[in-house]
Amino acid sequence: MRLTRRDRIVLFAPLAVLLGGWLVLPAVLGLVATFTTYSPFTTTVRLSGFANYTAIVQDPQFGAAIRNIAVFTAAAVPLELAVGFGIAYLLRRPIKGRALWRVLFLAPWLVSPIAGGVMWHFLFGGATGILDFAFGWLGLPEVASPVGDLRLALPTAIAVEIWRVAPFVTFLLLPGLVSIPNEQWEEATLAGASWIQQIRHVAIPELRTLLLTVAMLLVGLSFGAFDTILILTGGGPGTATLTPALYSYGRAFQTNDWPVGAASGWLVAAGVIAVGAIYLRLARERPAT
């Protein structure tokens, strides 16, 4: 039995009310506020036009945040896909305790980003860090914490993000790999295909749409990187690991510049929306046959 237009309205009306009242309306009000001087700490509000956005674009710190997130995304997303796909490829065959391995590999993603940041900040600490312990055990001199090194802070943050997100990629890709018929793998093996050729000619064509979806999801997550980096490095040293989300947080809550913080937050949201639009465009395209 097909639902009538009235039935669909009745079914979706509660969801529309919830989304409109708790998501859409606050978002629209927040966007409008970025064109004013509104702040929870002020008693008068006036229109400011694009002054908040102009201040952001002219701020060198925001430029540094954009460069950092570009490097962060370009490095982290491919490696997260590669590591996650590699683990999923190894787990696609029935092995003893595969279910347990799947849970163990997912553990880094299940740990909250804040807790993960605290753990890695402790492990990379100068006096209590694992690197200092390892060098001391080998009789080598102490090393500085990488999270405090201007050159190593961003690569360290990228490595921690890969550790956290790659298992999630495995969780998403493994069902797709398992669903590929065994006949395709066997045909490739009989044809003398190496494991790299099997991935190129069997796995990737079958998982093309899923890989695109996961890649766009990872890009969106990278654009909004905040929690782990906040605890791990705080955006430092200097602006070495500053991200747009951290910049927005700092302007709104640390310097009490609420209008600029809100406007920069909307720029982050615009980046995520752009990624979603690109995904929708690519998803509609069909590979040529």
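What counts and how
Note on numbering: residues in each chain are counted from 1, in written sequence order. Local features are withheld for residues below a pLDDT of 70 in this predicted model, meaning they are given only at 70 or higher, and side-chain atom pairs are given and counted only at 80 or more; totals for whole chains, interfaces and linings count all residues. Heavy atoms from the whole structure form the basis of all side-chain values; hydrogens and water molecules are not counted. Using a 1 Å grid laid over the protein atoms alone, points where a 1.4 Å probe fits but cannot get out form a cavity; open sets with protein on both sides within 12 Å along at least 5 of 7 lines form a pocket; any residue with an atom within 4 Å of a point counts as lining. Grid points are joined across faces, edges and corners, and a volume is the space filled by probe spheres set on the points. The nonpolar class holds Ala, Val, Leu, Ile, Met, Phe, Trp, Tyr, Cys and Pro. Asp, Glu, Lys and Arg form the charged class, and all remaining residues, Gly among them, are polar. The quantity called pLDDT is the predictor's confidence in a given residue, expressed from 0 to 100. A helix here means a DSSP run of H or I that spans at least four residues, while a strand means a run of E at least two residues long, and both kinds are numbered starting from the N terminus. For every residue, the accessible area (1.4 Å probe, protein chains only) is compared with the maximum for its type, and the residue is labelled buried under 20%, exposed over 50%, or partly exposed between those bounds. By definition in these notes, contact holds between two residues if any of their heavy atoms fall within 4.5 Å. In plain words, nonpolar cores are sets of buried Ala, Val, Leu, Ile, Met, Phe, Trp, Tyr and Cys residues tied together by side-chain atoms within 4.5 Å. Put simply, a salt bridge is a Lys or Arg side-chain nitrogen that is within 4 Å of an Asp or Glu carboxyl oxygen.

## Describing empty space enclosed by the protein
So, step 1. One pass over the full model with this rule turns up one cavity of 30 Å³ or more.
So, step 2. The computed volume of the largest cavity comes to approximately 30 Å³.
So, step 3. Lining the largest cavity we find eleven residues, and of these Phe124, Gly125, Leu131, Val143 and Ser145 sit closest to its centre.
So, step 4. Partitioned by chemical class, the residues of the lining of the largest cavity number six nonpolar, four polar and one charged.

## Quick notes on the confidence of the model for the chain
So, step 1. Mean pLDDT over the chain stands at 86; residues scoring 70 or higher make up 96%.
So, step 2. Within the chain, helix H6 (residues 130–137) has the poorest average pLDDT of any element, 71, and helix H3 (residues 60–91) the best, 94.

## What to know about the environment of alanine 76
So, step 1. Among the secondary structure elements, alanine 76 is positioned in helix H3.
So, step 2. Given the relative accessible area of 0%, alanine 76 is considered buried.
So, step 3. Spatially, the C-alpha atom of alanine 76 lies 9.5 Å from that of valine 160, the residues being 84 residues apart in sequence.

## Some remarks on the side chain of asparagine 68
So, step 1. Its place among the elements puts asparagine 68 in helix H3.
So, step 2. In this structure asparagine 68 comes out as buried when scored by relative accessible area, which is 11%.
So, step 3. Leaving out residues up to four positions away in the same chain, asparagine 68 has contacts with Leu154, Thr239, Ala240, Thr241 and Leu242.

## Concerning the nonpolar core
So, step 1. Formed by 25 residues in total, the largest nonpolar core has its most connected members in Leu81, Phe85, Val169, Leu173, Leu177, Trp185 and Leu218.
So, step 2. Counting residues per element, the ones that place at least two in this core are H3, helix H7 (153–179), helix H8 (182–190), helix H9 (195–206) and helix H10 (208–223).
So, step 3. Of the residues forming this core, the biggest block, seven residues, is contributed by H3.
So, step 4. When near neighbours in sequence (up to four residues on either side) are disregarded, valine 169 contacts Glu80, Leu81, Gly84, Phe85, Val214 and Leu218.

## Digging into the pattern of salt bridges
So, step 1. Summed over the entire model, instances satisfying the criterion amount to four salt bridges.
So, step 2. With a shortest N-O distance of 3.7 Å, aspartate 149 and arginine 151 are connected by a salt bridge.
So, step 3. Glutamate 161 is the salt-bridge partner of arginine 164, the closest N and O atoms lying 3.4 Å from each other. Taken together, the positions of arginine 164 and glutamate 161, both in helix H7 and three residues apart, correspond to about one turn of that helix.
So, step 4. When its relative accessible area of 13% is taken as the criterion, arginine 164 is described as buried.
So, step 5. In this structure glutamate 161 comes out as buried when scored by relative accessible area, which is 7%.
So, step 6. The structure contains a network of salt bridges with shared partners spanning Asp59, Arg251 and Asp257.

## Digging into the layout of surface pockets
Rolled over the atoms, a probe as big as a water molecule pinpoints where empty space is left.
So, step 1. Counted as a void, the largest pocket has a volume near 250 Å³.
So, step 2. As for the largest pocket, its lining consists of 15 residues, and the residues nearest its centre are Gly234, Leu242, Leu246, Gly250 and Gln254.
So, step 3. For the lining of the largest pocket, the leading source of residues is helix H12 (residues 244–254), giving six residues.
So, step 4. Split by residue class, the lining of the largest pocket holds five nonpolar, nine polar and one charged.

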